[in-house]
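Listed here are the chains, written in short residue letters.
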Amino acid sequence: MSAKIISFMNRKGGVGKSTLLLLTAASLHHRTGKKILVIDADLQKSILGLRNEELDSEPLSSKPFEIKGFSWAKNSPGDIPLLRFHKLIQEIEEKYDFVLVDTPGKMEGEEIPLIMTVSDFILVPIIASSFDIQSTIDFLEIVPPIREEKAKEGFDLRLLGVINKRDRSLEHKHLEALEGIAGMELLQNHISNLVRYKRDKSTLYDLVDVSGQQDEYNLYFNELMDKIN
Ligand SMILES: Nc1ncnc2c1ncn2[C@@H]1O[C@H](COP(=O)(O)OP(=O)(O)O)[C@@H](O)[C@H]1O
Ligand SMILES: [Mg+2]
């Protein structure tokens, strides 16, 4: 077994990386029976924080998927965070089916290429209001050279764009132009700006389809499953 690694990335903060990661992890956990690990390598550690609050307040009703924190700060004089990250990935790769990595919005230097190099998929949440086409394109364009290097070793790196916080504004029309840039596949299904995604429920909350119809979240999740399986 070698885990599929899905990193949630975008140079912008507030686009929904942590939100979509947690919803996706919970759905994967409940619906697939696969072994899931979340690596919270974000600076705020919002996902790890939520899990710790849960563990403090009450015993969780089901066996949760694991969440490991990762810090990019040097934790001792000889520490090299980039190496430590690489080692962590090597250690966990054979133990899980899916590893979801939450990443900081603002990152300088070598962290971004390293996370990309170890990933099989990069999921890029995109919102219209922070849409600064050049900075998003700059971010996406880091990918092709890394993809080429990985291809030499026989590994793939796929970019999946997800439009998040969608509303009726005209700005959203322009987002479709991102399809194909740096080889990015834009998912057909979008996530709207809705309170249902906003509430900090729990790390295990699965947005099941209560209506019995395929709502947008479940269409998104199924489309993602088709891409990653
Ligand atoms: N589809 C959505 N609808 C409504 N609120 C959302 C949605 N996605 C994210 N949010 C909210 O936007 C804020 C930023 O989301 P977050 O996941 O923390 O972004 P990031 O991890 O990219 O910084 C949070 O308050 C979150 O609850
Ligand atoms: Mg975040």
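Above this text you will find the structure in question.
Bear in mind the structure is a predicted one, so any value in this text is a computation, not a measurement.

## As for the pairing of strand β1 (residues 4-8)
Reasoning step 1: Burial analysis of β1 places four of its five residues in the buried class, which makes it a mostly covered element.
Reasoning step 2: Inspection of the sheet shows β1 paired to strand β4 (residues 98-102) by five bridges, in the parallel sense. Each bridged residue has a counterpart across the sheet, and for Ile5 the counterpart in β4 is Val99.
Reasoning step 3: Two strands pair when backbone bridges link them, and β1 and strand β5 (residues 121-126) are joined in this way by three bridges, in the parallel orientation. Bridge assignment links Phe8 to a residue of β5, and that residue is Leu123.

## A few points about helix α9 (residues 216-228)
Reasoning step 1: Between the first and last C-alpha of α9 there are 18 Å, a value that for 13 residues agrees with the 18 Å anticipated at 1.5 Å per step.
Reasoning step 2: Inspection of α9 places Tyr217, Asn218, Tyr220, Phe221, Glu223, Leu224, Met225 and Ile228 among the buried residues, and these make up the whole buried set.
Reasoning step 3: Here the buried face of α9 lies against β1, α1 (17-32), β4, β5, β6 (158-163) and α8 (195-198).

## As for the pairing of β6
Reasoning step 1: A large share of β6 lies buried, amounting to five of its six residues.
Reasoning step 2: Bridging between β6 and strand β7 (residues 185-186) involves two bridges; their strand directions are parallel. In the sheet register, Gly161 faces β7, and the bridge partner there is Leu186.

## Points about the pattern of salt bridges
Reasoning step 1: Evaluated as defined, the whole model comprises eight salt bridges.
Reasoning step 2: With its nearest N and O atoms 2.9 Å apart, the salt bridge here joins Asp79 to Arg84.
Reasoning step 3: Among the residues examined, Arg84 registers a relative accessible area of 23% and is labelled partly exposed.
Reasoning step 4: Put simply, Lys227 and Glu185 hold a salt bridge, and the shortest N to O gap is 3.1 Å. In this pair, Lys227 is assigned in helix α9 and Glu185 in strand β7, connecting sequence segments 42 residues apart.
Reasoning step 5: Judged by its relative accessible area of 21%, Lys227 falls in the partly exposed class.
Reasoning step 6: Linked through salt bridges whose partners overlap, the residues forming this network are Arg158, Glu185 and Lys227.

## So, helix α2 (residues 46-57)
Reasoning step 1: Under the 1.5 Å per step criterion, the end-to-end length of α2 is 17 Å for twelve residues, consistent within 8% with the ideal 16 Å.
Reasoning step 2: Listing the buried residues of α2 in full gives Ile47, Leu48, Leu50, Arg51 and Glu54. Down the axis of α2, the smallest arc covering the buried residues is 160 degrees, so these residues share one side. Opposite its buried face, α2 presents the exposed residues Glu53, Asp56 and Ser57, each directed more than 90 degrees away.
Reasoning step 3: Among the structural elements, α1, β2 (36-40), β3 (66-69) and β4 are those in contact with the buried residues of α2.

## Some remarks on the coordination of the magnesium ion (ligand 2)
Reasoning step 1: Listed as protein donors to the magnesium ion (ligand 2) are Ser18 (OG) and Asp42 (OD); their distances from the metal cover 2.1 to 2.7 Å. With Ser18 in helix α1 and Asp42 in the loop between β2 and α2, this residue pair connects regions lying 24 residues apart in the sequence.
Reasoning step 2: Given the relative accessible area of 6%, Asp42 is considered buried.

Parameters at a glance
Residues numbered from 1 in each chain as written. Chains lettered and ligands numbered in written order. Predicted model: local features only at pLDDT ≥ 70, side-chain atom pairs only at ≥ 80, totals over all residues. Heavy atoms only, no water. Buried < 20%, exposed > 50% of the residue type's maximum accessible area, 1.4 Å probe, protein only. Helix = DSSP H or I, 4+ residues; strand = E, 2+ residues; numbered from the N terminus. Pairing = 2+ DSSP bridges. Expected span 1.5 Å × (residues − 1). Contact = heavy atoms within 4.5 Å. Salt bridge = Lys/Arg side-chain N within 4 Å of Asp/Glu carboxyl O. Arc of directions from axis to C-beta. Donors = N, O, S within 2.8 Å, 3.2 Å for Na, K, Ca; no water.

Just geometry here; none of it tells us what the structure is for.
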